[in-house]
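Observations on chain architecture
The residues making up each chain are set out below.
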Amino acid sequence: MKTKSRRSQDGHSRKSASSHDGNGLHELFEMELKDIYWAEKALTKAIPKMISKATSEKLVSALEEHLSVTEKQVRRVEQVFELMNVPPKAKKCEAMDGIIKEGEEIMKEAEKGMTRDAGIISAAQKVEHYEIASYGTLCAFAKILGMDREAELLAQTLEEEKEADAKLSEIAESSINEEAMSEHGMTN
Ligand SMILES: [Fe+2]
């Protein structure tokens, strides 16, 4: 008989899982977790590049803060894997890879200054929105799968991503966008 607790004692999900008993969702959860694990780790390398290209002190400090938050978020994803008795494994997130690459392009094309800062914020907010969507979904999946502790950890990260997004909006709208208006900025 198929039961909801199809996760075996050693935590490995079974290949014969059916999508009718919650296991399909469990596998999807695991897949998405591997995706966000890759994304967070990639961000710990991408954010320092954004910091080195940013001009506004407010933006630099917001990015620095988010870098240390991101490092904690990587650990938190590892904790979720641990709770599931699954070894942490990353699976390349093509979407995040693309968002990061687009950000790098913007940084190359815009000269140092507020226009480039506005571009960095645009890329960083796309990152945040992807993460908000991912963590929102992971959190909902964890809740329905009865993984309460995992859901709590994921909800914590979800809140941090929302805060980071709001902070970036505030920085852009309070000064950077207007200052970028009076710059030439883009090289092509
Ligand atoms: Fe994150």
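Just above, that's the structure.
Attention in this report is confined to the structure presented alongside it. (Residues numbered from 1 in each chain as written. Predicted model: local features only at pLDDT ≥ 70, side-chain atom pairs only at ≥ 80, totals over all residues. Heavy atoms only, no water.)

1. Digging into helix 2 (residues 57-83)
The end-to-end C-alpha distance of helix 2, which contains 27 residues, comes to 39 Å, matching closely the 39 Å that a straight helix rising 1.5 Å per residue would cover. Measuring from the side-chain oxygen of the N-cap residue of helix 2 to the backbone nitrogen of K58 gives 3.2 Å; that N-cap residue is S56. (Helix = DSSP H or I, 4+ residues; strand = E, 2+ residues; numbered from the N terminus. Expected span 1.5 Å × (residues − 1). Polar contact = N/O pair within 3.5 Å; in protein donor to acceptor, adjacent residues only side chain to side chain.)

2. A short note on the coordination of the iron ion
The coordination sphere of the iron ion contains the protein donors E40 (OE), E40 (OE), Q73 (OE1), E131 (OE) and E161 (OE), at a distance range of 2.0 to 2.4 Å. Between consecutive donor residues of the iron ion, the sequence gaps follow E-x32-Q-x57-E-x29-E. Of this pair, E40 sits in helix 1 (residues 23-53) while Q73 is found in helix 2, placing the two residues 33 residues apart along the sequence. (Donors = N, O, S within 2.8 Å, 3.2 Å for Na, K, Ca; no water.)

3. What to know about unusual backbone geometry
The phi dihedral of N85 is positive, around 60 degrees, even though this residue is not glycine. The residue N85 is located in the loop between helix 2 and helix 3 (94-109) in this model.

4. Comments concerning the nonpolar core
Counting residues in hydrophobic clusters, the biggest one holds 51 residues, and the most contacted among them are F29, L33, L59, L63 and L154. Broken down by secondary-structure element, the contributors of at least two residues to this core are helix 1, helix 2, helix 3, helix 4 (114-144) and helix 5 (148-181). For this core, the element with the most residues is helix 4, which contributes 12 residues. Filtering out sequence-adjacent residues up to four positions away, L154 remains in contact with F29, L33, V80, Y135, L138, C139 and A142. (Core = buried A, V, L, I, M, F, W, Y, C linked by side-chain atoms within 4.5 Å. Buried < 20%, exposed > 50% of the residue type's maximum accessible area, 1.4 Å probe, protein only. Contact = heavy atoms within 4.5 Å.)

Remember that the coordinates give geometry; whether it matters functionally is a separate question.
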